[in-house]
Amino acid sequence: FAKKIHDMETKNDDLVVKKEFTLEEKAQLEKPVVAISCPFRMPLEMGKTYKWCSCGLSKTQPFCDGEGHKGTKFKPLKFTVDKKQSFFLVCGCKRNKQPDAGPYCDGSHYNITDW
């Protein structure tokens, strides 16, 4: 389902949203900010714990930088990789609809209308 993928090995900073939000704007966010319109294709280490950015405001996408979510209702999602594979598709739109998808892309970016 991921026709467009951001390959982390060929990082393109132009794809990640760079708008700065004021504290007032952050407090009023009802939905997470779309960080990128496609999943991040990246290797993850089995057994390692990561913090996935759920607000879309982190400067270290797709992971939490510890700062972006401050002042919002969003919290980073802590997860541990439980299997070994060459790469994972990590959600970049922050709008997963399937509760069990966690930080992994579920294709929801195809249905976003409020970019």
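Residues numbered from 1 in each chain as written. Predicted model: local features only at pLDDT ≥ 70, side-chain atom pairs only at ≥ 80, totals over all residues. Heavy atoms only, no water.

Let's talk about the overall build of the protein
Next up, step 1: Counting secondary structure elements, the protein contains 1 helix and 5 strands.
Next up, step 2: The N-to-C order of helical and strand elements in the protein reads β-α-β-β-β-β.
Next up, step 3: Taking all 115 residues of the protein together, 43% fall into the buried category.
Next up, step 4: Restricting to contacts in the protein with at least 6 residues of sequence separation, those with at least 24 account for 63%.
Next up, step 5: Just so you have it, the protein exposes about 7,100 Å², and 52% of that area is on carbon and sulfur atoms. (Helix = DSSP H or I, 4+ residues; strand = E, 2+ residues; numbered from the N terminus. Buried < 20%, exposed > 50% of the residue type's maximum accessible area, 1.4 Å probe, protein only. Contact = heavy atoms within 4.5 Å. Areas by Shrake-Rupley, 256 points an atom, 1.4 Å probe, with all protein chains shown as cover.)

Considerations on the pairing of strand E3 (residues 49–52)
On a regular strand, each side chain points to the face opposite its neighbour's, so the side chains alternate between the two faces of the sheet.
Next up, step 1: Residues of E3 alternate between two faces, with Tyr50 and Trp52 buried on one and Thr49 and Lys51 left unburied on the opposite face.
Next up, step 2: With 4 bridges connecting them, E3 and strand E4 (residues 77–80) associate as antiparallel partners. By the bridge assignment for E4, Tyr50 is matched with Phe79. (Pairing = 2+ DSSP bridges.)

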